[in-house]
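# A closer look at the structure
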Amino acid sequence: MILKNIIIIGSLFASVIASAQNSERIASHVNPFIGTGAADGSPLSGNNFPGATVPFGMVQLSPDTRSTPDWSVACGYNYNDTTIAGFSHTHLSGTGVAELFDVMLMPFSGAIVKEAEGENAYQSKFSHKNETAKPGYYSVQLLDYQVKAELTATTRAGFHKYSFPKNKEAHIIIDLDHSMKKSDWNTRIIASQIAFPNDHTVEGYRIITGWAPMRRVYFHAEFSQPIIRNHVKDGGNSYDNARIVNGNAIRAILDFDISKQQEILVKVGISATSIENARLNVQSEIPAWDFEKTVKEADAVWEKELGKIKIDGTDEQKQIFYTALYHTYIQPNTLSDVNGDYPSADFTVKNASKPYYSTFSLWDTYRAAHPLYTLIQPERSADFVNSMLAYYKAFGYLPIWQLWGQENYCMIGNHAIPVIVDAVMKNLPGIDPDLAYEAIKNSAMREHPGSPFGIWEKFGYIPENLKSQSVSLTLEMAYDDWCVAELAKKLVKIEDYNHFTKRSQFYRNLYDKEIGFFRAKDDKGNWIGPFDPLKYGANGGYPFTEGNGWQYFWYVPQDVKGLIGLVGNDQLFTKKLDTFFTLEDKPEEVNDNASGFIGQYAHGNEPSHHIAYLYNYAGQPWKTQKYTADIMKKMYNTTSSGYSGNDDCGELSAWYIFSAMGFYPVNPANRMYVIGSPILKEAIIELQGRKTFKVTAKNVSDQNVYIQSAKLNGKTYTKTFIKQSDLDSGGTLEFVMGSKPNKKWGIRTEDRPAN
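Okay, so let's go over this structure. (Residues numbered from 1 in each chain as written. Predicted model: local features only at pLDDT ≥ 70, side-chain atom pairs only at ≥ 80, totals over all residues. Heavy atoms only, no water.)

## Some thoughts on the overall build of the protein chain
When its secondary structure is counted, the protein chain shows 18 helices and 39 strands. Taken against the 2.2 N^0.38 rule, which gives 27 Å for 755 residues, the C-alpha radius of gyration of the protein chain at 26 Å falls within 12% of a compact globule. The C-alpha extent of the protein chain, read off along each of the three principal axes, is 80 × 60 × 50 Å. Counting across all 755 residues of the protein chain, residues that qualify as buried make up 66%. By sequence separation, contacts in the protein chain at least 24 residues apart represent 68% of the contacts at least 6 residues apart. Approximately 26,300 Å² of the protein chain is accessible, and the part contributed by carbon and sulfur atoms is 49%. A distance of 6 Å separates the average location of the 75 positive side-chain charges in the protein chain from that of its 83 negative side-chain charges. (Helix = DSSP H or I, 4+ residues; strand = E, 2+ residues; numbered from the N terminus. Rg over C-alpha atoms; globule rule 2.2 N^0.38 Å. Buried < 20%, exposed > 50% of the residue type's maximum accessible area, 1.4 Å probe, protein only. Contact = heavy atoms within 4.5 Å. Areas by Shrake-Rupley, 256 points an atom, 1.4 Å probe, with all protein chains shown as cover. Lys, Arg positive; Asp, Glu negative; His and termini not counted. Charge placed at Lys NZ, Arg CZ, Asp CG, Glu CD.)

Spelled out as structure tokens, the structure:
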């Protein structure tokens, strides 16, 4: 089986390389430094890392510029930092919690400083002048040691190339204690081990608990040159030339003789199940000591995947677009080994015939990233869903925020539900609709943290005195219930359809018509005051989650017509939208996740993302065109501060990809995309069955952001939305753009999106 896997992998890479050589170098437009650090020092710039990875890989081999990363540098790297602590093999892209950072290596030259302690002892200064990053490759000069470090990766293994200076001692650190601050999320190493089976190999594991509980990380590292000595420290204990050390704060220094060869190559396989599988992973995916070949293979895989959308635009637009697409491909992550083993939610090891995935930041990614995957990664998207269904079978309900195979219960609602419903309703192959329905129904009925269904059913809303974040919970749970009802309808489960449709309307029970906002009630039905629509909540202790009353007012994607009815009529609705986008007043304290403001619109966090598209529902589509164009222009750029907030596993990136093409899934599970302002001259989406869907925008420019007319497959088109069936059939959507609004296009009732 191992030999068969190696042959298959080799054949795949060969075919990928051949196809990549005959096409435009799309990967050249990717700039991995976009979103890695704000120019003004603000921590909210993307929180992306620049290191080496392949699409949806287990390994993200990247530099850590902090010895103890915190939430402001949750990806491990900040462009404004000047030192590197080492290169670890797992990272999160764009999140707000500094987690992973497993198996950190750090080369250094010169004498070992005996009195030096801790991770800071051997960090090195670096300069961006001597730093390079592209998809699948990263390099940097470690100035303090005159060592050039180069990194590349496969799905489950990292490949290091360290070029040492002549006539100096050469060392490599392996750090199994590197993590976020041990006091954060109760992070601590439960157990770890490092072993030296021969003079070319180091292997071991660590069991660490933190944001994700009880993560097991195994590794197997092979060196191109022999290790002549090792020095292991475990807290206050020291061991020289050890064969095996067990502890919970392990760091090892390895000595090498480079008198004949200044380069040392290191191949590191990791696994969530066993050392044996870590060894199998690296030996299957990097069988040779050919670093450049692995770089080329990673580049070819990226070229193929990025080419699933081909665009024509300015150089700046291409760089932003393809870097955004690159960021959406970093997570979710493969968690299964080459032999199919993966860690189940019940802490056993199970085996799957297809890849098992983790890192589901669902409160963020259900909105745009997962709908994007259904278009351009349909088979992988089905694997995402089946991974969630396998998790459900072991855990009893679907994941909320799943990391390294375990639940951390971050954020509210259960937004695996819309992801699964969307995939089933789009008929993605390989998903059992009956199992999918069982999972979403039970996940909408069985109480679990953040989902108090007992009081939901009893009161028809969430009372704030019984459960905090009550308004946001009420609105988001109502949407999830609508999704359950949709799949119940498809499967002709009429009683369930009626039940969940009723629950999807519970949002109305928190609308205060006297003030025109959703607000909190207690369990007696009394409004809780005082109410300030500008005041922010974080993640508990207030009715709103990472937002305020203004931003959450618009969160009824399943029933926008009903929301318009609550306000009164189309005119009052658009007037309120106008106020939202122009009201600059802010309270003294703004939640850390709120950034990227246009009025009260905060593009840096997800609750605002659909709002600019709502003008279409009330007959003023030119305002949707204005604001979506403004957001793309103001909130994205090609610098290290290229995002207006945390990218959140590609969600801000996915918003840009959809919006730049000219449409967006306001309701992520209704198979409809609402039209905005296309900014690209052309975008061609590769679909299943070798079909393509092309979007063109004639006369488009920074000034020409307003749709003058449109055609779909050559016929005049006035609707402000397109359906999934339009994309599935393939074809061309043509826009003619201008500098002034055409207030006659798309305004009729029949041209507006349905709920």
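There is more to say after this.
## Observations regarding the sheet that holds strand 25 (residues 360–361)
Strand order across the open sheet formed by three strands is 25-26-27, with antiparallel pairing between neighbours. Both edges of this open sheet fall to strand 25 and strand 27 (406–407), since each of them pairs with a single strand only. As paired strands, strand 26 (residues 401–403) and strand 27 are joined by two bridges and run antiparallel to one another. Residue pairing for strand 27: glutamine 402 is matched across the bridge by glutamate 407. (Pairing = 2+ DSSP bridges.)

## So, the pattern of salt bridges
The tally for this structure, following the rule as stated, stands at 35 salt bridges. Two residues, lysine 267 and glutamate 222, come together in a salt bridge whose shortest N-O distance is 3.9 Å. Of the two residues, lysine 267 sits in strand 19 (residues 263–271) while glutamate 222 sits in strand 14 (residues 215–223), which places them 45 residues apart along the sequence. Taken individually, lysine 267 and glutamate 222 each receive the classification buried, so the pair is uniform in this respect. Here lysine 441 makes a salt bridge to aspartate 496, at a shortest N to O gap of 3.1 Å. In this pair, lysine 441 sits in helix 9 (residues 433–443) while aspartate 496 sits in helix 12 (residues 494–504), placing the two residues 55 residues apart along the sequence. When its relative accessible area of 28% is taken as the criterion, lysine 441 is described as partly exposed. What you see here is one network of salt bridges that share partners, running through Glu99, Asp102, Arg206 and Arg215. (Salt bridge = Lys/Arg side-chain N within 4 Å of Asp/Glu carboxyl O.)

## Here we look at the packing of helix 7 (residues 378–395) against helix 8 (residues 416–425)
Following both chains from N to C, one finds helix 7 and helix 8 inclined at 130°, their axes separated by 10 Å at the closest point. In terms of their interaxial angle, helix 7 and helix 8 are classed as oblique. Along this stretch, helix 7 crosses helix 8, giving a crossing that reads as left-handed. Of the residues in helix 8, those in contact with Val385, Met388 and Leu389 of helix 7 are Ala416, Val419, Ile420 and Ala423. Classifying every residue of the contact of helix 7 with helix 8 gives seven nonpolar, no polar and no charged. (Axes fitted to C-alpha atoms, helices over the stretch in contact; angles between N-to-C directions. Parallel < 35°, antiparallel > 145°, perpendicular 65-115°, else oblique. Left-handed = near helix turned anticlockwise from the far one by under 90°. Nonpolar A, V, L, I, M, F, W, Y, C, P; charged D, E, K, R; others polar.)

## Thoughts on the packing of aromatic side chains
A complete count under the given rule lists 59 aromatic pairs for this structure. Plain terms: the ring middles of tyrosine 205 and tyrosine 218 are 5.7 Å apart, the flat faces sit at 50° to each other, and that makes the pair tilted. One end of the pair, tyrosine 205, is in strand 13 (residues 201–209); the other, tyrosine 218, is in strand 14, with 13 residues separating them in the sequence. When sorted by exposure, tyrosine 205 lands in the same class as tyrosine 218, which is buried. The interplanar angle of 40° and the centroid separation of 6.1 Å between the aromatic rings of tryptophan 550 and phenylalanine 580 together place this pair among those described as tilted. Taken together, the positions of tryptophan 550 in helix 13 (residues 549–552) and phenylalanine 580 in helix 15 (residues 570–582) put the pair 30 residues apart, joining distant regions of the chain. The two residues tryptophan 550 and phenylalanine 580 agree in class, both being buried. Seen from the ring of tryptophan 363, arginine 367 lies directly overhead, with NZ or CZ sitting 4.7 Å from the centre. Positioned above the aromatic ring of tyrosine 627, the side-chain terminus of lysine 626 is 5.1 Å from the ring centre. (Phe/Tyr/Trp six-rings, centres within 6.5 Å; stacked < 30°, edge-to-face > 60°. Lys NZ or Arg CZ within 6 Å of the ring centre and 35° of its normal.)

## A look at the environment of isoleucine 598
Looking at the element boundaries, isoleucine 598 is found in strand 30 (residues 597–598). Taking C-alpha positions, isoleucine 598 is 29 Å from phenylalanine 360, a pair spaced 238 residues apart along the chain. Contact partners of isoleucine 598, with chain neighbours within four places excluded, come to Phe580, Phe581, Tyr627, Asp630, Ile631, Lys634 and Met635.

## Notes on helix 11 (residues 470–490)
An ideal rise of 1.5 Å per residue puts 30 Å on 21 residues; helix 11 measures up with 30 Å between its terminal C-alpha atoms. For helix 11, the tally of buried residues reaches 19 of 21 residues, placing the bulk of the element in the interior. Trailing helix 11 by a residue or two, valine 492 shows a phi angle of about 60°, which is positive. (Expected span 1.5 Å × (residues − 1).)

## Some thoughts on the sheet that holds strand 7 (residues 131–134)
A sheet is described by the order of its strands in space; here nine strands give the open sequence 7-8-9-10-19-14-13-12-17, paired in antiparallel fashion. The strands lining the two open edges of the sheet, one partner per strand, are strand 7 and strand 17 (244–247). Averaged over all pairs of adjacent strands, the angle between their axes in this sheet comes to 15°, without regard to strand direction. Alignment of strand 14 against strand 19, held across six bridges, turns out to be antiparallel. If you follow tyrosine 218 over to strand 19, its bridge partner there is serine 271. Against the sheet, helix 3 (residues 291–306) contacts strand 7, strand 8 (137–142), strand 9 (147–153), strand 10 (157–163) and strand 19, and its axis sits at roughly 50° relative to strand 9.

## Quick notes on helix 14 (residues 560–567)
Since there are 3.6 residues in each turn of an α-helix, residues three or four apart along the chain are aligned in direction. Within helix 14 the residues assigned to the buried category are Val560, Gly562, Leu563, Ile564 and Val567. Against strand 28 (511–512), strand 29 (517–518) and helix 15 lie the buried residues of helix 14. Backbone geometry just after helix 14 places glycine 568 at a positive phi near 140°.

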